[in-house]
Amino acid sequence: MAPGPAVAPRGLPRGRSRPGEPVRHPRPPPGPAHAWLSLARVLTHEGTLGHRRRELVVLRTAHRLDAAYVYERHRTPAAQAGLTAEEIEATAADPHTHPWAPEELVLLQACELLAANAPVPDGLWDRLARALRPEQLVELLVLTGQTATMCTALNVLRTPSDSHLSDPAPSDSAPSDGAAARQRRHLTIRLDRERCCSAGQCVGAAPEVFEQSERDGRVTLLVPEPDQQHAADVRLAADLCPSGAITLVDTP
């Protein structure tokens, strides 16, 4: 009898796996993936909420859904959007414990309910309507839903957070010859810009390696031969690319 699908063990944070348990990397079907990732690009590059409010929504939603990868990944964009280190940490705490501006407090409270698929009370909705324009209200709903979808997908794929990737697993012995050989492997990226559909997911997964052109929206390769410290991010970027524009060559 064929084995059933792997199930993440109980008692572990969602999105994490036990040491040695493989991260799932299915290739998404190009049609739905293209539509989904194109929506993500519109929200991150053409949205009306503004960078600071967008990052507040993403961080609070990711925290609410225990999505460590998304939360850790958005620390840097949040800082670039003007959030202080204290404010970033406060997105994972009770909103009333930090002196948020009134419009930001109501935004975080709304995200808490939207991420839980809970009703938004009339009073809270009225405060949102006073703080945001009608198109921004709609964008808030779509952005929260998009972030929740991303969090769910990456949690199911057991995508580890950056801190989990950077912390070596404890071991009582030196790395095996096979493990040492894998660490010495040489990774080369081949990028087909003509196939790039401007989804921007590779930039989100590996910003040190990929950059999105402001001229045509397509991806530019910053580091054709990245160090092994970026290897996991680069592999995730290739897996997330809906157009298959990224090819990895892994050699000894």
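Everything here concerns the structure above.
From a predicted model like this one, the values you see are computed outputs, not experimental measurements.

Enquirer: Help me out: how do you make sense of the overall build of the protein chain in this one?
Expert: Across its full length, the protein chain carries 12 helices and 4 strands. Here the protein chain holds 252 residues, and the buried ones make up 39% of them. Taking all contacts inside the protein chain whose residues are at least 6 apart in sequence as the whole, residues at least 24 apart take part in 68%. Surface summary for the protein chain: the accessible area is close to 14,000 Å², and the carbon and sulfur share equals 56%.

Enquirer: What exactly am I supposed to notice about the packing of helix 2 (residues 51-64) against helix 8 (residues 134-156) here?
Expert: When two helices pack together, their arrangement is captured by the angle between the axes and the distance separating the axes. Where helix 2 meets helix 8, the closest approach of the two axes is 9 Å, and the angle between their N-to-C directions is 40°. By the criterion of interaxial angle, the relationship of helix 2 to helix 8 is oblique. The two elements helix 2 and helix 8 cross, and the hand of that crossing is right-handed. Between helix 2 and helix 8, the contacting residues are R53, R54, V57, V58, T61 and A62 on the first element and Q136, L140, L143, T144, T147, A148 and C151 on the second.

Enquirer: Which parts of the structure should I look at to understand the pattern of salt bridges?
Expert: When the charged atoms of two side chains lie near each other, side chains of opposite charge can form a pair. Tallied over the entire structure, the rule returns 13 salt bridges. When the shortest N-O distance is used, the salt bridge between E72 and R75 registers 3.0 Å. Relative accessible area serves as the criterion here: at 25%, E72 is assigned to the partly exposed category. Residue classification places R75 among the partly exposed residues on the basis of a relative accessible area of 25%. Salt-bridge contacts for R133 lead to E135; the nearest nitrogen and oxygen are separated by 2.6 Å. Judged by its relative accessible area of 42%, R133 falls in the partly exposed class. Through salt bridges with shared partners, a single ionic network connects R52, E87 and E104.

Enquirer: What is the right way to read empty space enclosed by the protein from this model?
Expert: Rolled over the atoms, a probe with the dimensions of a water molecule shows which regions are left empty. Applying the stated criterion across every chain, the model contains 1 cavity of 30 Å³ or more. Counted as a void, the largest cavity has a volume near 100 Å³. As for the largest cavity, its lining consists of 15 residues, of which C196, G200, C202, V219 and C241 are closest to the centre.

Enquirer: Mind showing me how you'd approach the packing of helix 6 (residues 102-115) against helix 7 (residues 122-131) here?
Expert: Between helix 6 and helix 7, whose axes approach to 10 Å, the crossing angle comes to 130°. Relative to helix 7, the element helix 6 lies oblique. Handedness of the helix 6/helix 7 crossing: left-handed. Of helix 7, the residues touching helix 6 (which contributes E103, V106, L107, Q109, A110 and L113) are L124, R127, L128 and A131. Tallied by class, residues from the contact of helix 6 with helix 7 come to 7 nonpolar, 1 polar and 2 charged.

Enquirer: Help me understand helix 6, please; the structure alone is not making it clear to me.
Expert: Each α-helix winds once per 3.6 residues, and so residues spaced three or four apart point in a common direction. End to end, helix 6 covers 20 Å across 14 residues, agreeing with the expected 20 Å (1.5 Å per residue, within 8%). In this structure, the buried residues of helix 6 make contact with helix 2, helix 7 and helix 8. Downstream of helix 6 by a residue or two, N117 has a phi angle that is positive, lying close to 55°.

About the criteria used
- Residues numbered from 1 in each chain as written.
- Predicted model: local features only at pLDDT ≥ 70, side-chain atom pairs only at ≥ 80, totals over all residues.
- Heavy atoms only, no water.
- Helix = DSSP H or I, 4+ residues; strand = E, 2+ residues; numbered from the N terminus.
- Buried < 20%, exposed > 50% of the residue type's maximum accessible area, 1.4 Å probe, protein only.
- Contact = heavy atoms within 4.5 Å.
- Areas by Shrake-Rupley, 256 points an atom, 1.4 Å probe, with all protein chains shown as cover.
- Axes fitted to C-alpha atoms, helices over the stretch in contact; angles between N-to-C directions.
- Parallel < 35°, antiparallel > 145°, perpendicular 65-115°, else oblique.
- Left-handed = near helix turned anticlockwise from the far one by under 90°.
- Salt bridge = Lys/Arg side-chain N within 4 Å of Asp/Glu carboxyl O.
- 1 Å grid on protein atoms, 1.4 Å probe; cavity = no way out; pocket = protein on both sides within 12 Å on 5 of 7 lines; lining within 4 Å.
- Points joined across faces, edges and corners; volume = space filled by probe spheres on them.
- Nonpolar A, V, L, I, M, F, W, Y, C, P; charged D, E, K, R; others polar.
- Expected span 1.5 Å × (residues − 1).

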